[in-house]
Amino acid sequence: MNKTTITVYGAEQRCASCVNAPGSKETYEWLEAAISRKYDSSYLQFQYIDIFTPPEQEEHQYFTQKILDDEFFYPLVVVNGEVVGEGNPRLKTVYRALESEGIQPTS
């Protein structure tokens, strides 16, 4: 089974529309901890992308530009290229996306 990639796009500065929501880094750390408790993390790969210094890969450039153009709020959560949450992502939505990728909860 290929690894499922969970990417969080964000920035040090909080999203202007996300008042009282956790910051991007906090959201990334929270998601990684919550997901790793529920699922076998050997099938998962986590990555955090700063929207102001994204890597050169086309996918990262694409999502970063969409955020900078105000088409998405950040933090933006993407599972294998599919947007599953933005601003203040819901854990259940992320879990559903993982399970649709074939990742099953550990007992």
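About the criteria used
Residues numbered from 1 in each chain as written. Predicted model: local features only at pLDDT ≥ 70, side-chain atom pairs only at ≥ 80, totals over all residues. Heavy atoms only, no water. Helix = DSSP H or I, 4+ residues; strand = E, 2+ residues; numbered from the N terminus. Rg over C-alpha atoms; globule rule 2.2 N^0.38 Å. Buried < 20%, exposed > 50% of the residue type's maximum accessible area, 1.4 Å probe, protein only. Expected span 1.5 Å × (residues − 1). Arc of directions from axis to C-beta. Contact = heavy atoms within 4.5 Å. Salt bridge = Lys/Arg side-chain N within 4 Å of Asp/Glu carboxyl O.

### Topic: the overall build of the chain
- Of the regular secondary structure elements, the chain holds three helices and four strands.
- Its helices and strands in sequence order give the chain the pattern β-α-β-α-β-β-α, from N to C terminus.
- Taken against the 2.2 N^0.38 rule, which gives 13 Å for 107 residues, the C-alpha radius of gyration of the chain at 13 Å falls within 12% of a compact globule.
- Relative to its full complement of 107 residues, the chain shows a buried share of 41%.

### Here's the deal with helix 1 (residues 24-38)
- Taking 1.5 Å per residue as the helical rise, helix 1 with its 15 residues ought to reach 21 Å, and the 21 Å between its terminal C-alpha atoms agrees with that figure.
- Buried within helix 1 are the following residues: Ser24, Thr27, Tyr28, Leu31, Ala34 and Ile35. Down the axis of helix 1, the sector holding all buried residues measures 145 degrees, keeping them to one side.
- In this fold, the buried residues of helix 1 make contact with strand 1 (4-10), strand 2 (44-50), strand 3 (76-79) and helix 3 (91-100).

### Structural notes on the pattern of salt bridges
- In the structure shown here, the tally under the stated rule is one salt bridge.
- The salt bridge partner of Glu71 is Lys66, with a shortest N-O separation of 2.9 Å.

Function-wise, these values are silent; they only describe arrangement.
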